[in-house]
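Examination of the molecular architecture
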Amino acid sequence: MCLLHEKPFEGINGSGKHNNWSLSTNTGENLLDPDRDPAKNLQFLLFLFATLKAVDVYGDLLRVSVATAGNDHRLGGNEAPPAIVSMFIGDDLEAVLDIVEKDLESEAKEVQTMKPGAKVLPHFIKDTTDRNRTSPFAFTGNKFEFRMVGSRDSISGCNVVLNTITAEVFKEACDRLENAPDFELAVHDLIKEYATEHQKIVFNGNGYAPEWEAEAKRRGLPILPTMVDAIPALTTEKSIKLFEEFDVFSRTELESRAEIQYESYAKAINIEARTMIDMARKQFIPAVIKYTKTLADTVLAVKEAGVDASVQAETLEEITVLLKEARAALARLEEVTAQAAAKEEGPVQANFYHDEVCPAMENLRRPIDKLEMIVDKEA
């Protein structure tokens, strides 16, 4: 059975997709190929830094393109990139970024050839990009990898966003360059402008480090940890203007999509909460109660035999305390789940599920997890 669920278990690697995205002409020329000296390859630099600008300006739209209740659990650990959108370009291209910004001369590193050892195999060029696994949007040789897509999602959603946001920046570049009296100077100035104004989206470090969130906030990058945080990005005036300009979505279509997103989040959490209630009420708590009776009988029998029963008694005490905690957490989860169902559909209901129901689920899971480590497997 194939379960297309991003991350069903805490602390276990989640499943997602790497969306490999590049650009080529109708004759097959890759526009994101840096060649031997990327600092002198104006075509490559223009397309690279135009993409840089697009992701910087519309990072919130890229985030919402992969927003699901399941992906909220996956993003940020166990080999999944964090929920903060940033771009990894590697040390070599970061040096090029510095060269462009400061108008320095390029000192390109000599291209290294890999030697496979066997004489019958061809030599091939070594990829100088460090494949940072914590980066959401990484440049890997001659393409980008967008790694935030969840396993349940189609890649069409993020590609609609990627293609539209880059189209806008390419259009802006074309409008400026086509009317420029000195084309090469205009290209140089445009590349420098994009590199200078949008370098804040570049981050080559560890995306899991707690310091990165503080640094991203300082840089002004959007911090959207959950689906309900991300959905409003669909209906900002900036997004509506973008999608309407290219006839991708109208205002009404974007508002409809936001409404559907809120509803899908609320439904997903509702199903999970009710499943959890059912499991706790009908399986876990009855099984633990049954096991406490077995333990209590054991304590009495051991004492009657005149032997020390302190270990059995301590175990019974520990289980009883956790059982009480689980029962209280179950009651709270039942209460807030019922309240959520009565809320106004849309952002009000979705936010209530996020703010009240999700924490109540965590609070029920905690004692149940501990009980599973103590109670006899047979029970």
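The following paragraphs examine the structure supplied in this document. (Residues numbered from 1 in each chain as written. Predicted model: local features only at pLDDT ≥ 70, side-chain atom pairs only at ≥ 80, totals over all residues. Heavy atoms only, no water.)

**Overview of the environment of valine 57**
- Mapped onto the secondary structure, valine 57 falls in helix 1 (residues 42–57).
- Each C-alpha atom of the pair valine 57 and isoleucine 269 lies 31 Å from the other, and the pair is 212 residues apart in sequence.
- With residues up to four places along the chain from it excluded, the contact list for valine 57 reads His198 and Lys238. (Helix = DSSP H or I, 4+ residues; strand = E, 2+ residues; numbered from the N terminus. Contact = heavy atoms within 4.5 Å.)

**Re the pairing of strand 6 (residues 144–150)**
- In terms of burial, strand 6 is largely enclosed, as seven of its seven residues are buried.
- Pairing geometry for strand 1 (residues 16–21) and strand 6, over five bridges, is antiparallel. The residue bridging lysine 17 from the neighbouring strand is valine 149, located in strand 6.
- Where strand 5 (residues 137–139) meets strand 6, three bridges bridge the pair, whose relative direction is antiparallel. Among the inter-strand pairings, phenylalanine 139 is bridged to a residue of strand 6, identified as phenylalanine 144.
- Here strand 5 folds back onto strand 6, and the loop between the two strands holds four residues, one of which, glycine 141, carries a positive phi near 95°. (Buried < 20%, exposed > 50% of the residue type's maximum accessible area, 1.4 Å probe, protein only. Pairing = 2+ DSSP bridges.)

**A look at the pattern of salt bridges**
- Counted by the stated rule, this structure contains 19 salt bridges.
- Two residues, glutamate 172 and lysine 53, come together in a salt bridge whose shortest N-O distance is 2.8 Å. Here lysine 53 lies in helix 1 and glutamate 172 lies in helix 5 (residues 156–178), a separation of 119 residues in the sequence.
- Judged by its relative accessible area of 13%, lysine 53 falls in the buried class.
- Ionic pairing is found between aspartate 60 and lysine 238, a salt bridge with its closest N-O pair at 3.6 Å. One end of the pair, aspartate 60, is in helix 2 (residues 59–64); the other, lysine 238, is in helix 9 (residues 237–245), and 178 residues separate them in sequence.
- Overall, the relative accessible area of 12% leaves aspartate 60 in the buried class.
- Judged by its relative accessible area of 34%, lysine 238 is partly exposed.
- Among the charged side chains, a network of salt bridges with common partners joins Lys143, Glu145 and Arg147. (Salt bridge = Lys/Arg side-chain N within 4 Å of Asp/Glu carboxyl O.)

**Remarks on the packing of helix 1 against helix 6 (residues 183–197)**
- Close contact between helix 1 and helix 6 brings their axes to 9 Å; oriented N to C, the two are set at 35°. In this structure, helix 1 meets helix 6 at a crossing whose hand is left-handed. Contacts between helix 1 and helix 6 involve Leu42, Leu45, Leu46, Phe49, Ala50, Leu52, Lys53 and Asp56 on the former and, on the latter, Glu184, Val187, Leu190, Ile191, Tyr194, Ala195 and Glu197. (Axes fitted to C-alpha atoms, helices over the stretch in contact; angles between N-to-C directions. Left-handed = near helix turned anticlockwise from the far one by under 90°.)

**Here we look at the packing of helix 10 (residues 251–304) against helix 12 (residues 347–374)**
- Viewed as axis vectors pointing N to C, helix 10 and helix 12 meet at an angle of 25°, and their least axial separation amounts to 10 Å. Relative to helix 12, helix 10 is oriented roughly parallel. Between helix 10 and helix 12 lies a crossing of left-handed hand.
- In terms of residue class, the contact of helix 10 with helix 12 is made up of 18 nonpolar, three polar and three charged. (Parallel < 35°, antiparallel > 145°, perpendicular 65-115°, else oblique. Nonpolar A, V, L, I, M, F, W, Y, C, P; charged D, E, K, R; others polar.)

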